[in-house]
Amino acid sequence: GAGVSQSPSNKVTEKGKDVELRCDPISGHTALYWYRQSLGQGLEFLIYFQGNSAPDKSGLPSDRFSAERTGGSVSTLTIQRTQQEDSAVYLCASSSPGYGYTFGSGTRLTVV
Amino acid sequence: AQSVTQLGSHVSVSEGALVLLRCNYSSSVPPYLFWYVQYPNQGLQLLLKYTTGATLVKGINGFEAEFKKSETSFHLTKPSAHMSDAAEYFCAVSARNQGGKLIFGQGTELSVKP
C-alpha cells in the first residue's frame, strides 16, 4: 500500500478484555516496529520484526503483551486482560534499507 | 544503550522569530539521529535525519539540525517561525546494530504566537 495502515483507529474496551491491534506495513518493507505513545511516558519502543522474526521484544511491558507477524507483512499486537494503564496510542512503523521509516496514524486505545 | 534528552517540554516563540529546540543524546556507538514532527491527531512525520557525512542536515519546511559529536547534541533550528510550525517535536536516536529501533526523547511542544 501507499502508507502504513493501522486498524482500528480507535478502540474502547473494558478492563480485563483482550484486544488486537493490526498493522499493514508498506508493501516490501522488511522491518516492522511497534511503539506506544502515552501521557507521561512519551514514545516507547515495544517490539520490532525483521521478516517474521522478532529479534528485539525488549520493550513489551508485560507478558500480557504479544505480537506476531505473518507472511513478512501484516502484524498484530495483542494485549490480554487489558488494564487502564494500557490506554495509549499504539503506533506502527515499517522500513526497508534505503527506503526510510514510515509511521502509521496509530490506534488510540482507551480502557474503561 | 541509547537515550535522548530534550530540554524544555514546551517552547513558545513569536511568528518570525528563531526556533531552537534542544536535543542531547547518549550512545555507546556512532548514532543515527532524527527529528520527527507530530501535528495534533496525526502520526509522526520525519523532518530530517543524520546518518553519516555532513553534520549540518537540512530537512523539510525550512528546518535544519547540526550533529555535534563533542557536545552530543543535535539541536533543531529554523530561522523564522511560522504559525503552521506549531506542533510537537521529537528527537530520536538509533544505533546501526539495533535493527532500526528508535529511542525517543520526551518531546517538545512548540507554540507560535502571532
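Small disclaimer: the values here were computed from a predicted structure and weren't measured.

**Q** What is the right way to look at the state of the cysteines in this model?
**A** What is meant by a disulfide is a covalent connection between two cysteines, made through their sulfur atoms. Residue and element names in this part refer to chain A. Overall, the coordinates contain two disulfides over all chains when judged by the stated rule. With a sulfur-sulfur separation of 1.9 Å, Cys 23 is cross-linked through a disulfide to Cys 92. Its S-S torsion of about -70° marks the bond between Cys 23 and Cys 92 as left-handed, since a negative value means left-handed. In this pair, Cys 23 sits in strand β3 (residues 19-24) while Cys 92 sits in strand β9 (residues 88-96), placing the two residues 69 residues apart along the sequence.

**Q** What is the right way to read the pattern of salt bridges from this model?
**A** Side chains bearing opposite charge may pair, as long as their charged atoms lie close to each other. Residues and elements named next belong to chain A. Tallied over the entire structure, the rule returns six salt bridges over all chains. Of the charged contacts, one joins Arg 64 and Asp 86 as a salt bridge, the two residues approaching to 2.8 Å between their closest N and O atoms. One end of the pair, Arg 64, is in the loop between β6 (53-56) and β7 (65-69); the other, Asp 86, is in the loop between β8 (75-79) and β9, with 22 residues separating them in the sequence. With relative accessibility at 13%, the residue Arg 64 sits in the buried group.

**Q** Whenever I open this one, the pairing of β9 of chain A confuses me. Can you help?
**A** Across a regular strand the side chains alternate sides, sitting on one face of the sheet and then on the other. Residues and elements named next belong to chain A. Most of β9 sits out of view: nine of its nine residues are buried. Judged by which residues are buried, β9 turns out to be covered on both faces: Ala 88, Tyr 90, Cys 92, Ser 94 and Ser 96 on one side and Val 89, Leu 91, Ala 93 and Ser 95 on the other are all buried. Of the pairings in the sheet, the one linking strand β4 (residues 31-38) to β9 comprises seven bridges and is antiparallel in character. Within β9, the residue paired with Ala 31 across the bridge is Ser 95. Note: β9 against strand β11 (residues 107-111), three bridges, orientation antiparallel.

**Q** I'm lost on the sheet that holds β3 of chain A in this one. Help?
**A** Strand pairing within a sheet occurs via backbone hydrogen bonds; the two strands may be parallel or antiparallel. Residues and elements named next belong to chain A. Within the open sheet, the four strands sit side by side as β1-β3-β8-β7. Their pairing is antiparallel. Of all strands in the sheet, those bounded by a partner on one side alone are β1 (5-7) and β7. This sheet shows a mean twist of 15° between the axes of neighbouring strands, independent of strand direction.

**Q** Would you mind going over the nonpolar core with me for this structure?
**A** Here is a general trend for soluble globular proteins: nonpolar side chains tend to be buried in one another's company. Among the nonpolar cores identified, the biggest contains 27 residues, and Trp 35, Leu 48, Leu 76 and Tyr 89 of chain B are the most heavily contacted of them. Every element with two or more residues in this core is listed here: β2 (10-14), β3 (19-26), β4 (31-38), β5 (44-50), β7 (64-68), β8 (73-78), β9 (87-95) and β11 (108-113) of chain B. The next biggest cluster of nonpolar side chains, apart from the first, holds 19 residues, and it includes Val 4, Ile 26, Leu 46 and Val 111 of chain A.

**Q** What am I meant to see in the packing of aromatic side chains here?
**A** Residues and elements named next belong to chain A. Across all of its chains, the model carries 15 aromatic pairs over all chains by this definition. Between Tyr 35 and Phe 45, the ring centres sit 5.9 Å apart and the planes meet at 70°, which makes this aromatic pair edge-to-face. Residue Tyr 35 is located in strand β4, and its partner Phe 45 is located in strand β5 (residues 42-50); the two are separated by 10 residues in the primary sequence. Grouping residues by exposure puts Tyr 35 and Phe 45 together as buried. Geometrically, the ring pair formed by Tyr 35 and Phe 103 is tilted, given 5.7 Å between the ring centres and 50° between the ring planes. One end of the pair, Tyr 35, is in strand β4; the other, Phe 103, is in strand β10 (residues 100-103), with 68 residues separating them in the sequence. When sorted by exposure, Tyr 35 lands in the same class as Phe 103, which is buried.

Definitions and cut-offs
- Just so you know, the residues in each chain are numbered from 1, in the order the chain's sequence is written.
- Here chains are named by letter from A upward and ligands by number from 1 upward, in the order in which they appear as written.
- Restriction of local features to residues with pLDDT of at least 70 applies here, the model being predicted, together with a cutoff of 80 or more for giving and counting side-chain atom pairs; totals for whole chains, interfaces and linings are based on all residues.
- Hydrogen atoms and water are omitted, and side-chain values are computed over all heavy atoms in the structure.
- In what follows, a disulfide is any cysteine sulfur pair within 2.5 Å.
- Numbered from the N terminus, helices here are DSSP runs of H or I no shorter than four residues, and strands are runs of E no shorter than two.
- A side-chain nitrogen of Lys or Arg and a carboxyl oxygen of Asp or Glu constitute a salt bridge if their distance falls within 4 Å.
- For every residue, the accessible area (1.4 Å probe, protein chains only) is compared with the maximum for its type, and the residue is labelled buried under 20%, exposed over 50%, or partly exposed between those bounds.
- Only strands joined by at least two bridges in the DSSP assignment are considered to pair.
- Structural elements are reduced to axes, namely lines fitted to C-alpha atoms, with helices fitted over the stretch in contact, and the angle between N-to-C directions of any two is expressed from 0 to 180 degrees.
- To form a nonpolar core, buried Ala, Val, Leu, Ile, Met, Phe, Trp, Tyr and Cys residues must be joined to one another through side-chain atoms within 4.5 Å.
- Two aromatic rings, drawn from Phe, Tyr or Trp (for Trp, its six-membered ring), form a pair once their centres lie within 6.5 Å of each other, and the interplanar angle then sorts them: stacked below 30 degrees, edge-to-face above 60, tilted otherwise.

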